[in-house]
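# Residue-level structural notes
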Amino acid sequence: MKYLIGLSFIASVASIICGYWLEVDYGQKLIGFGVLGLFFVVIPLFTYHRWKDRDAKEYMLTKEKIEDMRKKEGDKRRF
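Residues numbered from 1 in each chain as written. Predicted model: local features only at pLDDT ≥ 70, side-chain atom pairs only at ≥ 80, totals over all residues. Heavy atoms only, no water.

This paragraph deals with the overall build of the chain. When you go through the chain residue by residue, the secondary structure sums to three helices and zero strands. For the chain, whose C-alpha radius of gyration is 22 Å, the value lies well above the compact-globule estimate of 12 Å for 79 residues. The proportion of buried residues among the 79 residues of the chain is 16%. Considering only contacts within the chain whose residues lie at least 6 apart along the sequence, 40% involve residues at least 24 apart. A total of about 7,200 Å² of accessible surface is found on the chain, and carbon and sulfur atoms cover 63% of it. Here the chain carries 14 positive and 10 negative side-chain charges, and the mean point of each set is 6 Å from the other. (Helix = DSSP H or I, 4+ residues; strand = E, 2+ residues; numbered from the N terminus. Rg over C-alpha atoms; globule rule 2.2 N^0.38 Å. Buried < 20%, exposed > 50% of the residue type's maximum accessible area, 1.4 Å probe, protein only. Contact = heavy atoms within 4.5 Å. Areas by Shrake-Rupley, 256 points an atom, 1.4 Å probe, with all protein chains shown as cover. Lys, Arg positive; Asp, Glu negative; His and termini not counted. Charge placed at Lys NZ, Arg CZ, Asp CG, Glu CD.)

So, on to a nonpolar patch on the surface. On the surface, Phe33, Val35, Leu36, Phe39, Phe40, Val41 and Ile43 cluster together into a nonpolar patch covering about 710 Å² of accessible area. Among the structural elements, Val35 can be located in helix α2 (residues 27-51). On the basis of relative accessible area, Val35 is assigned to the partly exposed category, the value being 34%. (Patch = residues over 30% accessible without salt bridge, like charges linked within 9 Å, V, L, I, M, F, W, Y side chains within 5 Å. Salt bridge = Lys/Arg side-chain N within 4 Å of Asp/Glu carboxyl O.)

The subject of this paragraph is the packing of aromatic side chains. Between two aromatic rings, the relevant description is the distance of the centres plus the angle of the planes. Inspection of the entire model under this criterion finds one aromatic pair. Ring plane angle 65° and centroid distance 5.2 Å describe the contact between Trp51 and Tyr59, whose orientation is recorded as edge-to-face. (Phe/Tyr/Trp six-rings, centres within 6.5 Å; stacked < 30°, edge-to-face > 60°.)

If you want it as structure tokens, here you go:
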């Protein structure tokens, strides 16, 4: 998976650089396809790869976590 992400990233960046550098009629299309590749292929694959084994509940702010934070700070207010 990480090789696919790396290859897609390199291809997208190369497309953007070639679009800027080369004097061809379809240079703007190369830039556009590079940006689309980054935002619709590379970033979703990267976020999936990094978050696939994690539990989202660990990062949610709940009443219990707020009360625990207040206890650590010494705050006596109730939620």
